[in-house]
Amino acid sequence: MTERILDHSVLGKLDTSPKVSFLFNGKEYEGIENEPIAAALLANGVRTLRRHEESGSPRGIYCNIGHCFECRVTVDGVQGMRACLTPVKDGMVVTGGGQLDAPVRDWRKNNG
Amino acid sequence: MADLIIIGSGPAGLSAGITAAECGLSVLILDEYLKPGGRLLGQLYEEPGGKWWNGIEETRKLEKRAAALDLDIRLGTAVSNIEKEDGLWHVYTDRETFTAPSLLLATGAAESPVAIPGWTLPGVMSVGAAQVMTNVHRVKPGSRGVIIGVSVLSSAIAMELNIAGIDVAAIALPKMNEVNKDGANPAGVMDSLLHVSHMAPSKFVQFGSKLMQNDFMKKLGITFYPKGGVKMWGIPVMLRKAVIEICGTEQVEGVILATVTTNGQVVPGSEQRIDADFVCIAGGLYPLAELIGLTGCPFHHIDELGGYVPLHNEQMETPVDGLYVAGNITGIEGAKVAMSQGVAAALSIARNFGRQGLDDILREAVEYVGETRRKAHIQFHPEVAEGRRKMQQYWEEYEAAQERIAPEEPVVEKEVLQGV
Amino acid sequence: MTDKDMIICRCEEVTYGELVETANEYGCNARELKLRTRAGMGYCGGRTCRNMVDAVACTVTERDSKQVTLKYQPPVRPVHFGDLGAIGHD
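The model shown is predicted, which means the values in this text are computed figures rather than measured ones.

### Section: the overall build of chain B
Assigned secondary structure in chain B consists of eleven helices and 22 strands. For a compact globule of 420 residues, the expected C-alpha radius of gyration is about 22 Å, and chain B comes in at 23 Å, within 12% of that figure. For the C-alpha atoms alone, the extent of chain B along its principal axes is close to 70 × 45 × 45 Å. Evaluated residue by residue, chain B yields a buried proportion of 61% over its 420 residues. In chain B, the share of contacts with a sequence separation of at least 24, taken over all contacts with a separation of at least 6, comes to 62%. For chain B, the accessible area works out to roughly 16000 Å², and carbon and sulfur atoms hold 50% of it. Here chain B contributes 36 positively and 51 negatively charged side chains, and the mean placements of these two sets differ by 10 Å.

What follows is the structure, given as structure tokens:
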């Protein structure tokens, strides 16, 4: 189980206000306003942010600074947003992409 | 229109922006991240003498100076392309297009991975990702982790995780293969760590200092290196164990460790599984050159600087007119070096803009970069000074070649930009 | 999972086995290796795997130290088609 580091021996206490609530894949979560979506989800124990479009393998944050795009999600209808650098806001609707249909490939697999 | 656009608000970009504004230039700083500070933000270590280097505090100091100068810093703004037309740089972002006669690229570094079976599982992240999650966002990357890759960077971050109360079960090598080579070689890793033994805890130094003497002793050292590792801050540093697989179905559940020979070959039958809910991949940093790669600026591959580095001189000028660099894009070094490079770059830019009386302080600023490098607490590559010397030599060769082509007229820019 | 099936390019799911086999079969440099396998051609633009693709290519070819082995192309961040085509967009 993941958790927040509320009191750090060098960095001090964490300010956890103001709280916001947002949706990820239809479920409601609580976060701290303007923290990255990925941090808010990890604090809630959510690691899987999307599935690979072709294989469906689960993916989560990898680089956490916007380089790898592994954490890309749809935020309020906009695709390809990086959860690691998009600030979470109250009422945000976030969805992680899933495996996509690939009729040609599947047809080949079964008939080729 | 600004006089200068800086891409990257890390230690180099912010310092440059401050200095340029102090010289009277109008400056625009762009960064795709949600906070200024770049990789400086996550840094947290104790310096000799017991004072803490706190990246968040250091960033705050820079931010304060920037605010006092009314610097225009646009965060959450990702640059997708840059082009030069009629002596002006056009910087295309996901928000708008910006234009300026001078451009400073302070885009920093990216992490290079090592590849381990299972490394796409959720819970596997770059070591820098764990650092940012822990120190900047204050969320634990997990409750028990394993770090793959033994280096100055990974041991520093292991310590940071430790301070935050996160259990690090082990720091071990990656399994040897065609892509992990150097980082998977116990003797090589031992050698590079001994060069920075001044920052390792006493136990490691005691063990290591005897081995510095000669190659025979080094070989002996790695042969007899304890299989259970040498503990620093209570974390076993394993130079004779490699992670050969990351286990889990939906997310990380553990790793498989195996004993390796002094050359990094897995000893069959030595495999053991340990539980973990997160894994950090530490393959080192490389200069992030994607934007400067679009300008036609020449490159040189210099191992000591971390990979392909844009050609530049000590004044942080590139051969492309109006294009400058500072920070880790010029080679992997610490934040203090990056800041000093930012100052030097800004002074160069102001001087080339026609500001008078800057020659002396520019010379001092360049000297200060060297001094900062010599005093650096953390050196990512033991031979970084040699890497810098090579770059300077390439610059001189380039300049000499240009003079042979056209002793009067600077043809550099035209020639270079045609290649885009 | 074997090393052969280990993913190198996370975006395009190109495996270590595919890269090593392709490099050995064609003796190719990094660019050719990328074009043959699609490693480094996915969503992230190769930022994550470029050094590993480069390393595989360097087992069969000599590194050109004066030229970036995997050339950078704009856009270096994904751009929405809407933004590309937008009229009157700044």
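Text resumes after the structure shown.
### Focus on the interface of chain C and chain B
Where the parts come together, the accessible area they lose is often given as the size of the interface. Facing the 34 residues of chain C at the interface are 34 residues of chain B. In total, chain C and chain B occlude about 3100 Å² of area from one another, counting both sides; carbon and sulfur atoms represent 58% of this. A per-residue breakdown of the area chain C buries against chain B is headed by Arg10, Tyr72 and Arg77 of chain C, which together make up 20% of the total. Where chain C packs against chain B, one counts four salt bridges. Between Glu290 of chain B and Arg77 of chain C there is a salt bridge whose closest N-O contact spans 2.8 Å. At the junction of chain C and chain B, the tally comes to 14 residue pairs in polar contact (both at pLDDT 80 or more). Of all elements in the fold, only β1 (7-9), α1 (16-26) and α3 (50-57) of chain C reach the threshold of two or more residues within the side of chain C that touches chain B. Top element by residues in the side of chain C that touches chain B is α3 of chain C. It accounts for six residues. When grouped by side-chain class, the residues that make up the side of chain C that touches chain B number 15 nonpolar, nine polar and ten charged.

### With respect to the domain arrangement of chain B
Residues and elements named next belong to chain B. Considered domain by domain, chain B is made up of domain 1 (4-111 + 286-418) and domain 2 (124-283). A separation of 32 Å is found between the C-alpha centroids of domain 1 and domain 2. In this assembly, 17 residues from domain 1 lie in contact with 19 residues from domain 2. Summing the contributions of domain 1 and of domain 2, the shared interface buries around 1400 Å²; its carbon and sulfur component is 64%. Joining domain 1 to domain 2, the criterion identifies zero salt bridges. Along the contact surface separating domain 1 from domain 2 lie seven residue pairs in polar contact (both at pLDDT 80 or more). Of the residues in the side of domain 1 that touches domain 2, the class split is ten nonpolar, four polar and three charged.

### Some remarks on the side chain of Glu58 of chain B
The topology assignment puts Glu58 of chain B in helix α2 (residues 55-68). Overall, Glu58 of chain B belongs to the buried group, its relative accessible area being 14%.

### Structural notes on the confidence of the model for chain B
Residue-level pLDDT values for chain B average 91, and 91% of them are 70 or greater. Scored below 50 in pLDDT, residues 414-420 of chain B makes 13 contacts in the model with residues more than four places away or belonging to other chains.

### Focus: the packing of helix α3 (residues 127-136) of chain B against helix α4 (residues 152-163) of chain B
Residues and elements named next belong to chain B. For the pair α3 and α4, interaxial distance at closest approach is 10 Å and the crossing angle is 30°. As the angle between them shows, α3 and α4 are arranged roughly parallel. At the point where α3 passes α4, the crossing takes the left-handed sense. Across from Val127, Gly128, Ala130, Gln131, Thr134 and Asn135 in α3, the residues of α4 making contact are Leu153, Ser154, Ile157, Glu160 and Leu161. Per-class residue counts for the contact of α3 with α4 are five nonpolar, five polar and one charged.

### Topic: a negative patch on the surface
Together, Glu314, Glu396, Glu397, Glu399 and Glu403 of chain B make up a region of like negative charge exposed at the surface. One can find Glu403 of chain B in helix α10 (residues 384-405).

So, how was this worked out
- Sequence positions are assigned chain by chain, starting from 1 and proceeding in written order.
- Labels follow written order: the first chain is A, the first ligand is 1, and so on.
- A pLDDT threshold of at least 70 governs which residues receive local features in this predicted model, and a stricter bar of 80 or more applies before side-chain atom pairs are shown or counted, although totals over entire chains, interfaces and linings include all residues.
- Side-chain figures throughout are based on the complete set of non-hydrogen atoms in the structure, without hydrogens or water.
- Numbering of helices and strands runs from the N terminus, with a helix taken as a DSSP run of H or I at least four residues long and a strand as a DSSP run of E at least two residues long.
- Atoms considered for the radius of gyration are the C-alpha atoms alone. The globule rule reads 2.2 Å times the number of residues to the power 0.38.
- Burial classes follow relative accessibility: with a 1.4 Å probe on protein chains only, a residue under 20% of its type's maximum area counts as buried, one over 50% as exposed, and anything between as partly exposed.
- Any two residues having at least one pair of non-hydrogen atoms within 4.5 Å are treated as being in contact.
- In short, Shrake-Rupley with a 1.4 Å probe defines the accessible areas, and a residue's cover is counted only from the protein chains shown.
- His is not counted here, nor are the chain ends, while Lys and Arg score as positive and Asp and Glu score as negative.
- Note that the charge is assigned to NZ on lysines, CZ on arginines, CG on aspartates and CD on glutamates.
- What counts as buried area is the accessible surface, traced by a 1.4 Å probe, that two parts surrender upon association, with contributions from both included.
- Any carboxyl oxygen of Asp or Glu within 4 Å of a side-chain nitrogen of Lys or Arg constitutes a salt bridge here.
- Two N or O atoms form a polar contact when they lie within 3.5 Å of each other; inside protein one atom must be a possible hydrogen donor and the other a possible acceptor, and for residues adjacent in sequence the pair counts only when both atoms belong to side chains.
- The residue classification treats Ala, Val, Leu, Ile, Met, Phe, Trp, Tyr, Cys and Pro as nonpolar and Asp, Glu, Lys and Arg as charged. All others, Gly included, are polar.
- An automatic or database domain assignment is the source of the domain bounds shown.
- pLDDT expresses, on a scale from 0 to 100, how confident the predictor is about each individual residue.
- Every axis in this analysis is a line fitted to C-alpha atoms, fitted for helices over the stretch in contact. Angles between the N-to-C directions lie between 0 and 180 degrees.
- Geometric relationships in this document are graded by angle, where less than 35 degrees denotes roughly parallel, more than 145 denotes roughly antiparallel, 65 to 115 denotes roughly perpendicular, and other angles denote oblique.
- The crossing is said to be left-handed when, going from far helix to near helix, the turn is anticlockwise and less than a right angle, and right-handed when the turn is clockwise.
- In this analysis, a patch consists of residues with relative accessible area above 30% that form no salt bridge, clustered at 9 Å for like charges and at 5 Å for the nonpolar side chains Val, Leu, Ile, Met, Phe, Trp and Tyr.

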